[in-house]
Amino acid sequence: MEYLSDIKIFLKVVQKKGFSAAAQDLNLSQSAVSKHVARLEQAMGVQLLHRSTHQLSLTEAGADFHSRAIHIIAELDEARRSAAVVSAGVKGTL
């Protein structure tokens, strides 16, 4: 869970095909988005994105991580929703 926000930001960068578009969508600065992705790459010890002045693409490791991370985040979101439903249903004194 330590890098959850970094992973979500990485997913947004890939979805939006760039740091600027992701930053705008997330209401963050471009440098903040870049730092989150760099921190994730450093923690994992692998480069996830090929960066150039005009293009952004996934590395092989980045593509694998991206496909797995999408499913993990979806499962976490579903678990959170499920827990909220269960919590809302359990009320009153025993």
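A. Spatial organisation of the environment of threonine 59. With respect to the helices and strands, the residue threonine 59 is situated in the loop between strand E2 (56-58) and helix H4 (60-89). Other than its neighbours up to four places away in sequence, threonine 59 contacts Gln47, Leu48, Leu49 and His50. Polar side-chain contacts of threonine 59 include one of 2.9 Å to the backbone nitrogen of glycine 62.

B. The pattern of salt bridges, seen in detail. Counted under the stated rule, the structure contains seven salt bridges. Across the pair lysine 16 and aspartate 25 runs a salt bridge whose closest N-O atoms are separated by 3.9 Å. Judged by relative accessible area, which is 35%, lysine 16 ranks as partly exposed. With relative accessibility at 42%, the residue aspartate 25 sits in the partly exposed group. As a salt-bridge pair, arginine 68 and aspartate 64 come within 3.2 Å of each other at their nearest N and O atoms.

C. Geometry of helix H3 (residues 30-44). The end-to-end C-alpha distance of H3 is 21 Å, a good match for the 21 Å that 15 residues give at a rise of 1.5 Å each. For H3, the set of buried residues is Val33, His36, Val37, Leu40 and Glu41. The buried residues of H3 occupy one face: seen down the axis, they fall within an arc of 130 degrees. Exposed and oriented more than 90 degrees from the buried face of H3 are Lys35 and Gln42. Backbone geometry just after H3 places glycine 45 at a positive phi near 70 degrees.

D. Looking closely at the nonpolar core. One finds Ile7, Phe10, Val13, Val33, Val37, Leu49 and Phe65 to be the most contacted residues of the largest nonpolar core, which totals 17 residues. It is helix H1 (residues 4-16) that provides the largest number of residues to this core, a total of six residues. Here valine 13 is in contact with Gly18, Phe19, Ala22, Val33, Val37, Leu49 and Leu56, once residues within four sequence places are set aside.

E. A look at the packing of H1 against H3. Between H1 and H3, whose axes approach to 9 Å, the crossing angle comes to 115 degrees. Of the two elements, H1 crosses H3, and the hand of that crossing is left-handed. Of H3, the residues touching H1 (which contributes Ser5, Asp6, Ile7, Ile9, Phe10 and Val13) are Val33, His36, Val37, Arg39 and Leu40. In the contact of H1 with H3, the residues fall into seven nonpolar, two polar and two charged.

Rules of the game
Residues numbered from 1 in each chain as written. Predicted model: local features only at pLDDT ≥ 70, side-chain atom pairs only at ≥ 80, totals over all residues. Heavy atoms only, no water. Helix = DSSP H or I, 4+ residues; strand = E, 2+ residues; numbered from the N terminus. Contact = heavy atoms within 4.5 Å. Polar contact = N/O pair within 3.5 Å; in protein donor to acceptor, adjacent residues only side chain to side chain. Salt bridge = Lys/Arg side-chain N within 4 Å of Asp/Glu carboxyl O. Buried < 20%, exposed > 50% of the residue type's maximum accessible area, 1.4 Å probe, protein only. Expected span 1.5 Å × (residues − 1). Arc of directions from axis to C-beta. Core = buried A, V, L, I, M, F, W, Y, C linked by side-chain atoms within 4.5 Å. Axes fitted to C-alpha atoms, helices over the stretch in contact; angles between N-to-C directions. Left-handed = near helix turned anticlockwise from the far one by under 90°. Nonpolar A, V, L, I, M, F, W, Y, C, P; charged D, E, K, R; others polar.

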